[in-house]
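If you want the building blocks of each chain, they are given just below.
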Amino acid sequence: MLWTIVKRELLDHVMSLRFSALFALTFLLMTTAILDFSSYYARERREYPSHVEGFVNDEGKVNLGMIACQGGTTVRAIPSPLGFLFATGERELPNQAVMALHGLSSLERATEPGDIMNGSGATDWTFVVTVLLSFGAGLLTYKSISGERRDGTLTLVLANPVSRATVLAGKYLAALAALSTVFIISLLAGVILLEMLGTVHPGGSDWMKIGLFGLLSIIFLSVFVLTGLLCSVFTRGPVLSAVAFLFTWMALVFVIPNLGGILAGLTGTVQTPLQIHEAARTIPDRYTLTSSMSADQVASVKLERESAREQLLLEYLRSLVHQVDLGRDLTRVSPASLFSSAAERIVGGGTFRLTRFADNAVRYRQGFLQAVIEADRHDPKSEHRYVPWWCGGNHFSTLTMDPGPAKEFRDVLPSAGEGFAAASWDVFLLVLYTVLAFAVAFWRFARQDVAPVPGA
Amino acid sequence: MILHIVRKELLVNLLSMRFLAGFIVSALMMGIVGYVLVEDYAARVQKYLADVQEHREALAQTKVYSTIAVVVDIPPSPLSVFSRGSQDLPTSVLVSPYHTPSLIDEGGGTATIGLSGTSSQPGNPLLRMFSSIDLGFVISTILSLFAVLLVFDSFSGEREQGTLKMLLSSSTGRVHLFAGKFLGALLTLAIPLTVGFLEVMLLWALHPALSFGGSVWVSTGLIYLSSLMFLSGFLSLALLLSLYARESSSCLMYLLLGWVTVAVVIPAGAEFIADSVRPRGDRENMLSESANARREFLKVYESIEYRQIGSWNNVSLDPFAGESFLGITQEEALNRLAYNRKVVPMKFRYAEERYRAVESYAQSLRRWGRTRDNLMRPSLCVVYNNVVKAIAGTDIDSFDDAVQRARLYRGAMMAYLEPKSATPEWFTRVFEYPDVQPTESNQRYWQSLIEKQGERAVEKILSWDRVTALDLASMPSPAVGAPESAERAAHALPDGVILFASCLLFIALSIIRVLHYPLN
Amino acid sequence: MIQAIDLTKRYEDGLLALDHLNINIQPGQIYCLLGANGAGKTTTINLFFNFIEPTSGKALLNGKDCTREPLEAKQYAAYVSENVMLYGNFTARQNLDFFTKLAGRKNLSKEDYYMVMRQVGLPERAFEQRVKTFSKGMRQKLGIAIAILKQAPALLLDEPTSGLDPKAGAEFVELLLRLRGEGKAILMSTHDIFRAKEIADVVGIMKEGVLIMEKTKEDLKYEDLEKLYLKYMEVS
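Just so it is clear, the structure is predicted and the values come from calculations on it, not from any experiment. Each chain carries its own residue numbering, running from 1 in the written order of its sequence. Both sets of labels track the order of writing: A upward for chains, 1 upward for ligands. Given that the model is predicted, a residue must reach a pLDDT of at least 70 before its local features are reported, and side-chain atom pairs must reach 80 or more before they are shown or counted; all residues, however, enter totals for whole chains, interfaces and linings. To obtain the side-chain values, all non-hydrogen atoms of the structure were used and water was disregarded.

Caption draft 1: Region of interest: the interface of chain C and chain A. Residues count as neighbours in contact if any of their non-hydrogen atoms are within 4.5 Å of one another. Counting from both sides, the interface comprises 30 residues of chain C and, opposite them, 29 residues of chain A. Here chain C and chain A share an interface that buries about 2,700 Å² over both sides, 65% of which is from carbon and sulfur atoms. Buried area, as used here, totals the accessible surface that two parts lose on assembly, with accessibility defined by a 1.4 Å probe and the loss added over both. Of all residues in chain C, the largest losses of buried area upon contact with chain A belong to C:Phe51, C:Tyr87 and C:Leu102, amounting jointly to 25% of the total for that side. Salt bridge, as used here, is a side-chain nitrogen of Lys or Arg placed within 4 Å of a carboxyl oxygen of Asp or Glu. Across the contact surface, chain C and chain A share 0 salt bridges.

See the structure below:
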């Protein structure tokens, strides 16, 4: 019975003009995103990891004595091979870390000449799903109840021994199936295109992420299918349903998610760059040097200062990320925001990725420092005292050695499992929305007079 | 007659739920966005003023002519409330004898999270990941949707209800009916628009730190007018579709699909198509060209022999920047001058050569940008955003203008500086500060000072701090400030014309259609 | 087979559309409901299919309560509305196929559908045509075909002949008589007094939700139904 309804609805969708238009647009946008991304990725990939120089010389060796006093290095974040899924931040947020051996000094965006010409940012699949397909969900469902009610076919259907729940479920499943078909075909085409272009080589975890993203998208779309059905059930005619859906869609997809940035700016204050600068300047006051200190004590105080500076930087970063998250938490009423924050985590992009990159950079620096200190132990001429920004003398070894694997900076993207774990709360909320929306739609439809009131 | 219809349409619109909902949404959005952006503008003005002060002080502290570097700060536009523009645009341009500014110079620290206090943005750099939303965005998305909502069923709906025949059975002409509906809807839309603009003006007036000249108000008026034009374009487009649709609800949905295409799909595809139609110049080529120029320059620079005859002290030398000698003997200064006659013009030339290499790439970027913009022009939203951006002066062209002005200013500056490069003040002020020259008597004195007071005392003597700064009163000062509003309006003209023309086109098409509109 | 017991419906806006209606239609019987617009005829039929819920009373189909067990009850009745609307993008056969499957009948062949369509008098060329090109009469016939294929013992028809041309109307009457011959219970609301007199076994007249007259064919033999109708309309 259910299957009969689903089949008819599906056939109806597939034959309609709106379905073809939706299909064409989705296909076009998703493949364009791939083409655009692959040229961007090829450019970015060239830069990584060529920037992991600086600490070591051309032969890959490090001069232990010089490393403490000579600036540092810049490491570049690995460009995500899945930037086409979720691009937000991929081209805006810092992508390199500047560090000395004893402390991270800043996170920056490597700018290229010509970046200023860039426009409004890249189109990613998250965008296609949140804007275009969510709208498509409404397009397929907005008059499925109200329109049939007006046309009188609904009574003809309900004159048969089918329950209203079955009818509603049939319409829901058919619209979701139609949308999923559009989405999955475009997704597959996109993936095949990606393989054909050959610039990106997704690994096993990446395929997993793409799969999870697809699943997540379908859950998200089911919320919007139900939103369309809700609008259809609660209104008297298709015109009203269309208006109702439009307002809901506008609010959920445009207004609320866009308020995120604004709300983030208004809620929770972060320190300005100048205030942070001031805070960094007071660090020496907290770790004072006195003339009575031994050379070892001086060295350790100086190291403490550097690590305090790094801590300050990381705390600052955390507060910035926290502010952004806070703003986005407030927009979680909208499934569109939920979806994009879940996609951000599953794909491993945005602030989630930035935090991870900072952690990786710090871990790399610490590992390198350990390796250097370890190497110094084997030098009998050294006094084994590492003093930041201090050259010369024999307090530290002046040997040149190969630090081995410690010199390799490997920026590891969060795995699919980690991403999904981080996104589980969002996914749960999305599922909850689906269930709630279906319950409300059913509750309303079950009690509705489906026949037009005589004389009305 | 028209007035009568307009009044009826206006009343119908104003009493509808859609108006109320749309009005609340847009007034709220415009209020919030306006507030945030006015605050943002105030913060950026503060930063700008602090920067100007800092750069002016730094310039006033300059001791020799060769180290003069002028940082031209670009003031934020008060109209950024309407169009925020790219956040990647640098806020200052460096002008020095060794650096000719160009469009694509390294912008200072975008999205930098560090402890050094240098960031072009006052707030949280991570907020860049959110799309920048401004009043232009609110108008081009929310109000345009609102426009669609107001009129999508104005013909098909009346036909469905059967009131259309009733209307036309009276002596109302079809064109009158169209005009009435159009104007009625436009007036309705003008209400949230006007409220939004009033909100912004109120925020401006109430903000304690802001005050504006007349040109800002004129530009605001221009933006208001172009917004009205944009909305009427959208209205007539929606009316046109309503005249072709069989059923009003599907008309709405097709309009929206069209809207998504116009507002979202076209801008998204344009960048990619532009890349394949007219590729950006070869960046690697540009980099290697400027690296070549640098290498060439260094080769010649190093080949010119410098034979030192006198002595100097506290020197700073940089082939790509100025030079300063705190303590230098008379004879050595003359020797240096003779050497500089060969070298300094070369340094100046190198600045120009580097500029040329970069500029040819910038030129290709500009062409690429123009192609991309043209590809996006079928979208009415983009045309409108272009107009607002140009009037507000937050577009790339305005920044480009600022860079060009800075470059022209460099010409004036060089005219002033070039004669100076033939004087010793180019690199030293030795003649009014003889006690730092490493003469024998001086050195004996320093030795005794070190023994008595430590090294610090000598460092103090040898510091540039004690040298009086140059008197730069006669140096031409950069023409800071935003371009005139008339100039900006001229920038906006082409897009304004497109906006106007498409608006007229849609109206004309609708009128033709309305004359042949089937009533059954 | 079709039975209403004190069936009452008051709409949310307070309109009393149906006031304690009692009818009972046996298999092989045609019951015609007459009445002005808004008398409660359509409301009665809507209640049998649970399109709306009764305020009080019961509607029964083959003894099953239409409100409590709507799915079971609906198995026993087929429905033809005043203006049969079908899925315009589908052909006549596709529509028939869909609704028959909904009615719970599977494994019908294309020929079965064609046969029923011939039976109701649809022209051959229309069988595989999209329904949106159909005239009202053709849609109405297709609606009846759907009802026939359901093979339900009861038929509820809501002004099925309104808007049909005279020839189609006559064909329709023939069809109804044949269905009666098959032993179906038929409830038909109509404005058409002459047709009612021609075919009805029982005639009921409704006014403002109340069944104010009920007469069998035998009773009507000696009376002029038209005069009766007008008389009842004037009274009170």
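Caption draft 2: Summary view of the environment of C:Lys227. Residues and elements named next belong to chain C. A run of H or I in DSSP becomes a helix once it reaches four residues, and a run of E becomes a strand once it reaches two; helices and strands are each numbered from the N terminus. Mapping lysine 227 onto the fold places it in helix 9 (residues 225–234). Classification of lysine 227 by relative accessible area gives exposed; the value is 61%. When the C-alpha positions of lysine 227 and threonine 216 are compared, they lie 16 Å apart, and in sequence the two are 11 residues distant. Exposure categories follow from relative accessible area, calculated using a 1.4 Å probe and restricted to protein chains: below 20% of the type maximum is buried, above 50% is exposed, and the middle band is partly exposed.

Caption draft 3: Structural view of the sheet that holds strand 6 (residues 77–80) of chain C. Residue and element names in this part refer to chain C. Paired strands, as defined in this entry, are two strands with at least two bridges between them according to DSSP. Strand order across the open sheet formed by 6 strands is 6-7-8-3-9-10, with mixed pairing between neighbours. Looking at the sheet topology across the chains shown, the edges are occupied by strand 6 and strand 10 (210–216). Neighbour-to-neighbour, the strand axes of this sheet turn through a mean angle of 15 degrees, independent of strand direction. As judged from the 6 bridges shared by strand 9 (residues 202–207) and strand 10, these two strands associate in the antiparallel manner. Counterpart to methionine 206 in the pairing with strand 10 is leucine 211. Running at roughly 150 degrees to strand 8 (residues 185–190), helix 6 (residues 166–181) makes contact with strand 3 (30–35), strand 7 (154–158) and strand 8 of the sheet. Inter-axis angles, ranging from 0 to 180 degrees, are taken between N-to-C directions of lines fitted to C-alpha atoms, where helices are fitted over the stretch in contact.

Caption draft 4: Region of the structure containing unusual backbone geometry. All names here are of chain C. One non-glycine residue, histidine 20, lies in the positive phi region at around 45 degrees. For histidine 20, the position within the fold is in strand 2 (residues 16–25). On the basis of relative accessible area, histidine 20 is assigned to the partly exposed category, the value being 47%. Of note, glutamate 159 is a non-glycine position whose phi angle comes to about 45 degrees, a positive value.

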